[in-house]
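Take a look at the letters that make up each chain.
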Amino acid sequence: MIFSQENIVDPFPSLAEQRENAPVSWHDDLKAWVVLDYRDISSALKNPSFSSNRVTEYLAKARGTDLESVYEILSLLMLQRDEPDHSRLRNLVHFAFKKAAVETYEARIREMAQELLSPARKSGEMDFVSDFAVPLPIMVISEIVGIPQEDRGKVKRLCDGFSVVALNFYAHITDEQLSYGRDCIEEFKSYLKHQADLRHQSSETDLLSYLVHAEEDGEKLSFDEIVANTLLLLNAGNETTTCLLANGLKSLLKQPEQLARMRQDESLIRLAVEELLRYENPVQFVGRICTEDMEFGGKNLKQGDLVLLVLASAGRDPLEFPEPDQLDISRHPNHHLAFSSGPHLCAGVQLARLEARIGFEEVIRTFSHIELASPDIQYGSNLNLRCPLALPIKTII
């Protein structure tokens, strides 16, 4: 099975074999079609016949149970909505994101990165995941959203519990993960109710304030929509960027000639970020639901079928990317699908790129030499968000 804990360390050989032999195939264990080739995945992401509403069936089954609140919140994510609801939610959230002026945070992000790297200047060692890749994104998105510093540890914990549910509920999840996700959602709702009430009484300029006050053509966000999409923004600006930074540095350290090229020419860092996204996609797959019977990828799909689009496989498709298993930080063009494509293109794409560029710039400027302290790298249990649990490194300034 391509989605398994055993396969998470290096899924790419298995993905390549299946992509070559059966780029579109039915998997009984997943009760889903699995799509592995770039062309079909790119096509499906733009095709309205593949619905993003993966939650309605689960919500109907959960009515009257203690998991109903989980699926209620999931159903309000713009990621789970089709038109016209998707555009309504996206436009209101985009308004708030634009008003928060993400691009003006560059100096502050750089300051945060330098603060996080400072202890390793003295000690000569750090766990890049827990000391940098985890705290930097949550610090940045919390500041933009308006989460007080003293609450960020709690919010990070709640977001992580929600993320496992949001990314895996339609493919592979345990009852324990669902129950924990429910508890996290309920705790976050109580927390955000207090924060939203404060915004109604003030004129703050953070993202949450703009979400609370956002309005377009008479449409406003309900409180539960604010909860759902604040969780979405906190997660999109948090765990995925952590994965990008952690997997990115790991890949560069395992192919030091590419890291040396980056040091010699920092202008390559923008291209390097795109290549690192392609090479080890943070989000492994996204799901869609067929809205009609159709022929797709040489197979006959039925209305209601679940389709899993494996973005990690698309990034290694040799028909789209020459020498796909080779990391090349100057690769151009690079039409990877790490941020999805079509109507559901990631709303936080510019923030993720900005954080990653600054993060890698500050790392190579701070340390003249970096090496892995251990070749043994363990990964977390979230099968859809592939990220090292730790990345111990040794550094020289």
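Just so it is clear, the model here is predicted, and its values are computed rather than measured.

1. Describing the packing of helix 13 (residues 239-254) against helix 17 (residues 349-366)
Helix 17 packs onto helix 13 with a crossing angle of 40 degrees between their chain directions and a minimal axis gap of 10 Å. With respect to their mutual orientation, helix 13 and helix 17 come out oblique. In the packing of helix 13 onto helix 17, the handedness of the crossing is right-handed. Two secondary-structure elements touch here, helix 13 through Thr241, Leu244, Leu245, Gly248, Leu249 and Leu252 and helix 17 through Ala352, Glu355, Ala356, Gly359 and Phe360. Broken down by class, the residue content of the contact of helix 13 with helix 17 amounts to seven nonpolar, three polar and one charged.

2. With respect to the pattern of salt bridges
Within this structure, the stated rule accounts for 26 salt bridges. A salt bridge links Lys193 to Asp197, with the shortest nitrogen-to-oxygen separation between them at 3.0 Å. Of this pair, Lys193 and Asp197 both sit in helix 10 (residues 175-200), four residues apart, roughly one helical turn. Take Lys193: its relative accessible area is 41%, and that puts it in the partly exposed class. In this structure Asp197 comes out as partly exposed when scored by relative accessible area, which is 29%. The partner of Arg386 in a salt bridge is Glu280, and the shortest N-O contact between them spans 2.4 Å. A residue pair is termed long-range when its members are at least 10 positions apart, and Arg386 in the loop between strand 11 (369-372) and strand 12 (392-396) and Glu280 in the loop between helix 15 (269-279) and strand 7 (286-290) qualify at 106 residues. On the basis of relative accessible area, Glu280 is assigned to the buried category, the value being 5%. One continuous salt-bridge network, built from bridges that share partners, spans Glu106, Arg110, Glu266, Arg357, Glu361, Glu362 and Arg365.

3. Some thoughts on the nonpolar core
Nonpolar side chains in soluble globular proteins generally cluster together in the buried interior. Counting residues in each nonpolar core, the largest one holds 131 residues, and the members touching the most others are Tyr71, Leu74, Phe128, Phe132, Phe188 and Phe360. With nine residues, helix 17 is the single largest residue contributor to this core. Those residues within four positions of Phe132 in sequence are excluded, and the remaining contacts are Ala113, Leu116, Leu117, Met126, Asp127, Pro137, Leu245, Gly359 and Val363.

Here is what the cut-offs are and how they apply
Residues numbered from 1 in each chain as written. Predicted model: local features only at pLDDT ≥ 70, side-chain atom pairs only at ≥ 80, totals over all residues. Heavy atoms only, no water. Axes fitted to C-alpha atoms, helices over the stretch in contact; angles between N-to-C directions. Helix = DSSP H or I, 4+ residues; strand = E, 2+ residues; numbered from the N terminus. Parallel < 35°, antiparallel > 145°, perpendicular 65-115°, else oblique. Left-handed = near helix turned anticlockwise from the far one by under 90°. Contact = heavy atoms within 4.5 Å. Nonpolar A, V, L, I, M, F, W, Y, C, P; charged D, E, K, R; others polar. Salt bridge = Lys/Arg side-chain N within 4 Å of Asp/Glu carboxyl O. Buried < 20%, exposed > 50% of the residue type's maximum accessible area, 1.4 Å probe, protein only. Core = buried A, V, L, I, M, F, W, Y, C linked by side-chain atoms within 4.5 Å.

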